[in-house]
Amino acid sequence: MSNPEKIVSAVFLILSLLLLTPTESPAITKRDKRKNRSLNRGDVKQAEARLAEMGYGTGRVDGVIDGVTRNALIAFQKWEGRKVTGQLSRDDFDAIMSADAPQAKDSGYKHVEVDLDRQVFLLTDGDGVVKRVLPVSTGSNKHYREKRMSGLAYTPKGRFRIYAKMSGWRKSPLGLLYYPNYFSDGLAIHGNPSVPQTPQSHGCIRIPMLAAVEVSRLLPVGTIVLIYDKESFVSAKDWAEADKQKQEANIR
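Anyway, here's the lowdown on the structure attached to this text.

The rules we used
- Residues numbered from 1 in each chain as written.
- Predicted model: local features only at pLDDT ≥ 70, side-chain atom pairs only at ≥ 80, totals over all residues.
- Heavy atoms only, no water.
- Helix = DSSP H or I, 4+ residues; strand = E, 2+ residues; numbered from the N terminus.
- Buried < 20%, exposed > 50% of the residue type's maximum accessible area, 1.4 Å probe, protein only.
- Lys, Arg positive; Asp, Glu negative; His and termini not counted.
- Salt bridge = Lys/Arg side-chain N within 4 Å of Asp/Glu carboxyl O.
- Polar contact = N/O pair within 3.5 Å; in protein donor to acceptor, adjacent residues only side chain to side chain.
- Contact = heavy atoms within 4.5 Å.
- Axes fitted to C-alpha atoms, helices over the stretch in contact; angles between N-to-C directions.
- Parallel < 35°, antiparallel > 145°, perpendicular 65-115°, else oblique.
- Left-handed = near helix turned anticlockwise from the far one by under 90°.
- Nonpolar A, V, L, I, M, F, W, Y, C, P; charged D, E, K, R; others polar.
- Pairing = 2+ DSSP bridges.
- Expected span 1.5 Å × (residues − 1).
- Arc of directions from axis to C-beta.
- Phe/Tyr/Trp six-rings, centres within 6.5 Å; stacked < 30°, edge-to-face > 60°.

A separate point is the side chain of glutamate 113. Examined against the element boundaries, glutamate 113 turns out to sit in strand E1 (residues 112–115). Although glutamate 113 lies buried, it forms no salt bridge, and the closest oppositely charged side chain, lysine 105, sits 7.0 Å away as judged by the N-O distance. A polar contact of 2.9 Å, which involves the side chain of glutamate 113, links it to the backbone nitrogen of aspartate 106. Polar side-chain contacts of glutamate 113 include one of 2.8 Å to the side chain of histidine 111. Leaving out residues up to four positions away in the same chain, glutamate 113 has contacts with Ala104, Lys105, Asp106, Val120, Phe121, Leu122, Leu226 and Tyr228.

This is how it looks when you write it as structure tokens:
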């Protein structure tokens, strides 16, 4: 074979190999680029608006991830069973935009629900529609011994009512409570500077400080509180019906 023929054969072989080599489709490339694209302020505003619409309460929809927005992201991540970071990733953004609003277990009356498995707080309106979702930290279920006291750090399950409340700070034997709303034997739903991602309290239900005043205003004495996990749930519809009948009788 002459040199010109060898050169032609080599060129033909190279072209054949190039044609056989798989290449990325434009659709995959576009999708990957979108997935890796960093979020801008407009994206954050979109996520905030959707979170607020679902009841997560982001505060101002301004495209800034401040403390209130971070609490909303944590509550969303807890509810959806995602990795809890308090940060808005591209995957979190996509999940937020396609998510459904949280649904309460009980309906038809205003009440509070605390999901011990998800570690979230749900506040409903008079129809039982969720209007506010917050991250919480409940009892660690561990024995403690501190400040000359000992016991089991346990948040009881069942149905309760807010029986007393206080404004501002309240000093308890085990620490300070901010705007406490008492529901069982000195245990309260209250603000705390530390709301860990996992159950870490002595039995109280800790909520973020930024939401404590608002929550206190929305939980008058008598508010029904349902606390449950995946193995236990008790409805309080009979309590709500009794309350309704009592109010109607008073009006007459």
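Now that the structure has been shown, the text picks up again.
Here helix H4 (residues 67–80) crosses helix H5 (residues 90–98) at 75°, and the two axes come no closer than 12 Å. With respect to their mutual orientation, H4 and H5 come out roughly perpendicular. Between H4 and H5, the contacting residues are Leu73, Phe76 and Gln77 on the first element and Asp92, Ala95 and Ile96 on the second.

Put simply, helix H3 (residues 41–53) and H5 touch, their axes get as near as 9 Å, and they point 40° apart. Judged on the interaxial angle alone, H5 and H3 are oblique. The element H3 and its partner H5 pack so that their crossing is left-handed. Along the contact surface, H3 presents Asp43, Gln46, Ala47, Arg50 and Leu51, while H5 presents Arg90, Phe93, Ile96 and Met97. Of the residues contributing to the contact of H3 with H5, the split by class is five nonpolar, one polar and three charged.

We now examine the pairing of strand E4 (residues 143–146). As defined by bridge partners, E4 adjoins strand E5 (residues 149–152) across four bridges and the pair is classed as antiparallel. Directly across from histidine 143, in E5, lies its bridge partner leucine 152. Between E4 and E5, which pair antiparallel and follow one another directly, the connecting turn spans two residues, one of which, lysine 147, has a positive phi of 50°.

With that settled, consider H3. Along its 13 residues, H3 runs 18 Å from first to last C-alpha, staying within 8% of the 18 Å computed at 1.5 Å per residue. Taken as a whole, H3 has its buried residues at Asp43, Val44, Ala47, Glu48, Arg50 and Leu51. Down the axis of H3, the smallest arc covering the buried residues is 170°, so these residues share one side. Of the exposed residues in H3, those oriented more than 90 degrees away from the buried face are Arg41 and Glu53.

Here we take up the packing of aromatic side chains. With the rule as written, the count across this model stands at six aromatic pairs. With a centroid separation of 5.7 Å and an interplanar angle of 75°, the aromatic rings of tyrosine 56 and phenylalanine 76 are classed as edge-to-face. Within this pair, whereas tyrosine 56 is found in the loop between H3 and H4, its partner phenylalanine 76 is found in helix H4, the two being separated by 20 residues in sequence. By relative accessible area, which is 1% here, tyrosine 56 ends up buried. Classification of phenylalanine 76 by relative accessible area gives buried; the value is 1%. For the ring pair phenylalanine 160 and phenylalanine 183, a centre distance of 5.6 Å and an interplane angle of 70° mean the geometry is edge-to-face. Of the two residues, phenylalanine 160 is situated in strand E6 (residues 158–161) and phenylalanine 183 in strand E9 (residues 175–184); the sequence distance between them amounts to 23 residues. Side by side, phenylalanine 160 and phenylalanine 183 carry an identical accessibility label, which is buried.

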